[in-house]
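# Structure assessment
Below are the chains, spelled out letter by letter.
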Amino acid sequence: MQPPRSVRHAGRRLAAAAVVLLCAAAVLPPSAAVADGGPPWKAAPSGDGRPYFYLEGVAGTVFEDTLALTNPGSKPRTVGLRGSGEGAGAWIVLATPEVKIPPRTRAEVPFTVTVPPGAAPGDHPGAIVASGAGHETDVRVHLRVSGPKLAALTVEDVTVRSHGDGAVIEYALVNRGNTTLTPRLAVRAEGLVGSELLHRAPRTLPERLAPGERVERTEPWPGAPALDSVTVRLTATAAGGAHGEATASAPFVAWGTVTGTALLVLAAGAGSVWRVRRRRPPPTTPTGPPTNPERHLAQAGATT
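Residues numbered from 1 in each chain as written. Predicted model: local features only at pLDDT ≥ 70, side-chain atom pairs only at ≥ 80, totals over all residues. Heavy atoms only, no water.

## Some details on the packing of aromatic side chains
The final tally for this structure, using the stated rule, is 2 aromatic pairs. Arranged with centres 5.0 Å apart and planes meeting at 80 degrees, the rings of F53 and F111 form a pair that is edge-to-face. Highlighted residues: F53 in strand β4 (residues 53-57) and F111 in strand β9 (residues 105-114), separated in sequence by 58 residues. In terms of burial, F53 and F111 fall into one category: buried. For the ring pair W221 and F252, a centre distance of 5.8 Å and an interplane angle of 80 degrees mean the geometry is edge-to-face. Linking W221 in strand β17 (residues 214-221) with F252 in strand β19 (residues 242-252), this pair joins segments that are 31 residues apart in sequence. (Phe/Tyr/Trp six-rings, centres within 6.5 Å; stacked < 30°, edge-to-face > 60°. Helix = DSSP H or I, 4+ residues; strand = E, 2+ residues; numbered from the N terminus. Buried < 20%, exposed > 50% of the residue type's maximum accessible area, 1.4 Å probe, protein only.)

Following this line, the structure appears as structure tokens:
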């Protein structure tokens, strides 16, 4: 990694740096004219072709460096500048928020990065965003505050939901340490009786997580079971011993099949009840002895 162009402590003023800006403009040779279809201007760290800024020091340090803006064309260009990012980007102060670059000219813009005294050790990435004339570019600023490294990673908010003919696993990864992490993820799923339904070996994810950064991701699962109760386990790892793990359980029910079966069972039950009722004999008049014998005898004598 490249060392910082300069590292100085508090007490510098960007008002003086603005004067440097006016004196730093350089006229480019005609051979540097912009190519057809190329960007109208370019932004990069000044000096020896660095691809980005790299700054490292203890909390409380004030770093100073210079951004080069090049206008190879035949027209003047106005470029706006601002810091970006929650780490170094929030601590960047540019000598000017806007620069007008004459044709075939390179302008160098000083800036400072002031690290708060209480900043945590670790990586604090940021960027300088330059925009103008329909073009925008980011010049990365890699800032590292000296101190012990802590690599920590967690897997959070795991859910499993049906999706079409399969399922989708949703989850979040959070960098709980102070170093930038490139996580790897392994996925496993087991059924109700312990059978393995899904096994994906660890693979590197495309994200780079800055300290404190959270990213939400999805994991497609085509061919998920139609009828089972599954437990999904996600395991995330990264360099430095970072390790995070989380599980989620979800039932898979083919509601169309279940509903159809239930309707068939109900229909069969209703048919059985109807047949039982049809086969029941009709009620008959009782033929046994009268319940009141004395009254019956009295009625018989009156008749005779």
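Okay, back to it.
## Regarding the sheet that holds β19
If you walk across this open sheet you meet the 4 strands as β16-β15-β18-β19, and the pairing is antiparallel. Each end of this open sheet is capped by a strand with a single partner; those strands are β16 (196-204) and β19. If you compare each strand with its neighbour and ignore which way they point, the axes differ by 10 degrees on average. Direction of pairing for strand β18 (residues 228-238) relative to β19: antiparallel, over a ladder of 11 bridges. In the sheet register, D228 faces β19, and the bridge partner there is F252. (Pairing = 2+ DSSP bridges. Axes fitted to C-alpha atoms, helices over the stretch in contact; angles between N-to-C directions.)

## Comments concerning the layout of surface pockets
In this structure, the largest pocket occupies an estimated 660 Å³ of space. D123, P125, H142, T180 and R208 are, among the 27 residues lining the largest pocket, the residues nearest its centre. Contributing elements (two or more residues each) for the lining of the largest pocket: β11 (126-132) and β12 (135-145). Sort the elements by how many residues they give to the lining of the largest pocket and β12 lands first, with 5 residues. (1 Å grid on protein atoms, 1.4 Å probe; cavity = no way out; pocket = protein on both sides within 12 Å on 5 of 7 lines; lining within 4 Å. Points joined across faces, edges and corners; volume = space filled by probe spheres on them.)

## Some points on the pairing of β12
The sheet contact formed by β4 and β12 spans 5 bridges and is parallel. Within β12, the residue paired with E56 across the bridge is R144. Here strand β10 (residues 122-123) runs beside β12; their pairing, made up of 2 bridges, is antiparallel. From the neighbouring strand, D123 faces β12, where its bridge partner is R144. The pairing of β11 with β12 spans 7 bridges and is antiparallel. Looking at β12, one finds that G132 is bridged to H135. Hairpin connection between β11 and β12: a loop of 2 residues separates the two successive antiparallel strands, and A133 in this loop has a positive phi of roughly 55 degrees.

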